[in-house]
Amino acid sequence: MAAKKRVAVVLAGCGVFDGSEIHETSAVLVHLSRKEAEVKIFAPNIDQMHVVDHLKGSPTEEKRNVLVESARLARGDIKDLADIKIDDFDAVVFPGGFGVAKNLSSWAVEGNACTVNEQVKSTLEAFHKAKKPIGLCCISPVLAAKIFPGCEVTIGKNENVDGRFPDAATALAIEEIGAKHISKDVHECHVDEANRIVTTCAFMCKAPLHEIFDGIGTLVDELLKIA
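Starting afresh in each chain, residues are numbered from 1 along the sequence in its written order. Restriction of local features to residues with pLDDT of at least 70 applies here, the model being predicted, together with a cutoff of 80 or more for giving and counting side-chain atom pairs; totals for whole chains, interfaces and linings are based on all residues. Excluding hydrogens and water, the side-chain values take into account all heavy atoms of the structure.

Another aspect to go through is helix α8 (residues 209–226). Compared with the 26 Å implied by 1.5 Å per residue over 18 residues, the 27 Å span of α8 between its first and last C-alpha is a close match. When α8 is considered as a whole, its buried residues turn out to be I212, G215, I216, G217, L219, V220, L223 and L224. In what follows, a contact means two residues having at least one pair of non-hydrogen atoms within 4.5 Å. Strands are runs of DSSP state E lasting at least two residues, helices are runs of H or I lasting at least four, and both sets are numbered from the N terminus onward. Where α8 is buried, its residues touch β1 (6–10), α1 (22–34), β6 (91–94), β7 (134–137) and β11 (197–200). Expected helix span is given by 1.5 Å per residue-to-residue step, counting one fewer step than there are residues. Categorising residues by exposure relies on relative accessible area from a 1.4 Å probe, with only protein chains included: less than 20% of the type maximum marks a residue as buried, more than 50% marks it as exposed, and the intermediate range marks it as partly exposed.

Topologically, E193 is positioned in the loop between β10 (190–192) and β11. Counting along the chain gives 42 residues from E193 to C151, while the straight-line C-alpha distance between them is 9.6 Å.

Moving on, we get to the pattern of salt bridges. It is possible for side chains of opposite charge to pair when their charged atoms get near one another. Whenever Lys or Arg places a side-chain nitrogen within 4 Å of a carboxyl oxygen from Asp or Glu, that contact is recorded as a salt bridge. Taken as a whole and judged by the stated rule, the model has seven salt bridges. Residue R72 pairs with E69 through a salt bridge whose shortest N-O separation is 3.2 Å. Pair noted here: R72 and E69 are both in helix α2 (residues 66–73), with a separation of three residues, about one helical turn. For R72, a relative accessible area of 55% corresponds to the exposed category. With a closest N to O distance of 3.2 Å, K225 and E222 form a salt bridge. In this pair, K225 and E222 both sit in helix α8, three residues apart, roughly one turn of the helix. Here E222 falls in the partly exposed class, since its relative accessible area comes to 23%.

Honestly, it's all geometry; don't read function into it.
If you want it as C-alpha cells, here you go:
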C-alpha cells in the first residue's frame, strides 16, 4: 500500500474579503480527505491588514489576527507558519480569498509591485527548492508569479469571457512581472511541470459552487500525482 501523502495547507484568515475563502478552504480539505492525505494546517501569526464586515462589505475599526481567525476554519487544529518543517510534508496548498492579497502579500494595495510576507515567501521557496509540489487556488497564484520568475500559473481566462472572468486583468499583471499566464476554465487546473506548481482559478470565475469545488478537486488530484 502506498504511503499517505502529507500535505500542508496554509490559510490567510477566515472570510473571503479579509481572509481565506471559506468554500475554497473546505473544498481543498474535503478533496485531500477523500484522497486520504495527512493534512496539517498553518497560518502566519500576524495582524490582518483590516477586518471587513462581510454583511456590509466595508472595513471596520476592529483588529484581528490571521492565525487566530484561521483557527476557525481549522477547528482549532492549526500551527504557526513559523513552525512548519518542510521535511514533514510532500506538498503544500494555499486556498484563495482576499487574505492572500491583503495578509500574505500586499497585492490588493500594490498589485504586481507587491511584497510577499517573509514567512510565506520562505515556505514557498523551501518547497520549491525541495521539488515538492505547490498548489495555489484563486488569487494565490500571484504569490508564485511574484516569487518564481518565468513560472506558469492560471487565474482563469485571459479575457472576461461571457462576463465570467471579471478579474481577467490580473492575468496581464501576472505576465507583466515575468510569469506566464495559462488560460484555463473553472473546472480545469494548470500544471507547471518544471516548477511543480499546480493552479486553478476557483472564485476568480463567476461559476456555480459545485464547478469551483470540482476544479479544486482537479488541482488536488494533480498535486498528489506529482507529490
